[in-house]
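Spelled out, the chains give:
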Amino acid sequence: MPNNNGIIKNNNDYNRVINDLVNPNNTERVINNNERIINNTEKQINNNNNNNNKNNIVREENKIISTKENINKKEIIQKAQKDIAKYKTSKANNSVKRDYSNERNLKNTSNEGVYLVEYDENTGSITLIFRKRNIENNNSIEETIKTLLNGATDEENRDNIISCIPKDTELLDIFVAGDTVYLNFNESFEFNPLGNEGTMLQIYQLVYTATQFEGIDNVIFLINGNLNETIGAEGAIENMPFTRFE
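- As recorded in an unreviewed UniProt entry, the protein chain goes by Spore germination protein and comes from Brachyspira pilosicoli B2904.

### Observations regarding the environment of Asp173
And step 1. Structurally, Asp173 can be placed in strand 4 (residues 171-177).
And step 2. Given a relative accessible area of 16%, Asp173 falls into the buried group.
And step 3. Taking the C-alpha atoms as reference, Asp173 lies 10.0 Å from Ile223; in sequence the two are 50 residues apart.
And step 4. In contact with Asp173, other than residues within four places in its own chain, are Tyr87, Lys91, Tyr182, Leu183 and Asn184.
And step 5. In terms of polar contacts, Asp173 uses its side chain to reach the side chain of Tyr87, at 2.7 Å.
And step 6. At a separation of 2.9 Å, a polar atom in the side chain of Asp173 contacts the side chain of Lys91.

### Points about the sheet that holds strand 4
And step 1. An order of 4-5-6 is seen for the three strands of this open sheet, with the pairing classed as mixed. The open sheet has two edge strands with one neighbour each: strand 4 and strand 6 (218-223). Looking at each pair of strands side by side, their axes are set apart by 20° on average, direction ignored.
And step 2. Looking at chain direction, strand 4 and strand 5 (residues 180-185) are connected through six bridges and run antiparallel. Paired with Phe175 across the two strands is Tyr182, which belongs to strand 5.
And step 3. Sheet contacts for helix 4 (residues 141-149): strand 4 and strand 5; angle to strand 4, the most-contacted strand, approximately 140°.
And step 4. Sheet strands in contact with helix 6 (residues 195-210) are strand 5 and strand 6, and its direction is about 130° off that of strand 6.

### Section: the sheet that holds strand 2 (residues 126-132)
And step 1. If you trace the three strands from one edge of the open sheet to the other, you get 2-1-3, paired in antiparallel fashion. Of all the strands in the sheet, just strand 2 and strand 3 (161-162) have a single pairing partner and so form its edges.
And step 2. Inspection of the sheet shows strand 1 (residues 113-119) paired to strand 3 by two bridges, in the antiparallel sense. By the bridge assignment for strand 3, Glu118 is matched with Ile161.
And step 3. Packed onto the sheet, helix 6 meets strand 1 and strand 2 and runs at close to 150° relative to strand 1.

Cut-offs applied
- Residue numbers run consecutively from 1 along every chain, following the written order of its sequence.
- Restriction of local features to residues with pLDDT of at least 70 applies here, the model being predicted, together with a cutoff of 80 or more for giving and counting side-chain atom pairs; totals for whole chains, interfaces and linings are based on all residues.
- Excluded from the side-chain calculation are hydrogens and water; included are all heavy atoms of the structure.
- Labels follow the DSSP assignment, with helices taken as runs of H or I lasting at least four residues and strands as runs of E lasting at least two, numbered in each case from the N terminus.
- Categorising residues by exposure relies on relative accessible area from a 1.4 Å probe, with only protein chains included: less than 20% of the type maximum marks a residue as buried, more than 50% marks it as exposed, and the intermediate range marks it as partly exposed.
- Throughout, a residue-residue contact means that at least one pair of heavy atoms, one from each residue, lies within 4.5 Å.
- Polar contacts, as counted here, are pairs of nitrogen or oxygen atoms within 3.5 Å of one another; within protein the pair requires one atom able to donate a hydrogen and one able to accept it, and residues that are adjacent in sequence qualify only if both atoms are side-chain atoms.
- Only when DSSP finds a minimum of two bridges between them are two strands counted as paired.
- A fitted line through C-alpha atoms represents every axis, and for helices the fit uses only the stretch in contact; the resulting angles, taken between N-to-C directions, go from 0 to 180 degrees.

Structure below.
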């Protein structure tokens, strides 16, 4: 039985040999090969150019995004500084209560309390949890924050429920501007014995507690009346408006 694969191979070789005999210089084939090489090179160059263009576009887009983020940050900081300046003027004119009332209705009127931290000894997990409290004026953000600063009860501590807010932290002042509440603390707020992790936990205890109220979506922290660029002794947490993870 003839080997069909061999025949096919021989026929291919035969066709190639005939082609070489008919075209001894085989210039067309060489030119075509060169054209293919040139075309492939051009395609590669074009692809490289396209890739470079794409990379340039990505870099430009990243620059634009970065620029927009920087512009947004500047705008946020400028707005915050204006809010603080207006508040100080209002305070000097004894019109704070009228212009910057921190009383709001709770978003969920059945919940009245604060956010603490629960530690699971078995898994090592840390969870932000809501704990009920009896607050005399439950429409007051200020009273609610001060209740949070009292920390966890002895019973809660026995159940591994704690507060990560440093014990000497004092709320010096509070005011609301738009959908943002400004919380002004003393310098003890910045020194958390657990480092950045503890600072982040204390921040979100306050954020979740403060944003229980209608119209409050953001929290900005001041230290002794100043809007610092960072929060915490290590200076690693950017001080921008904080909001819930929702």
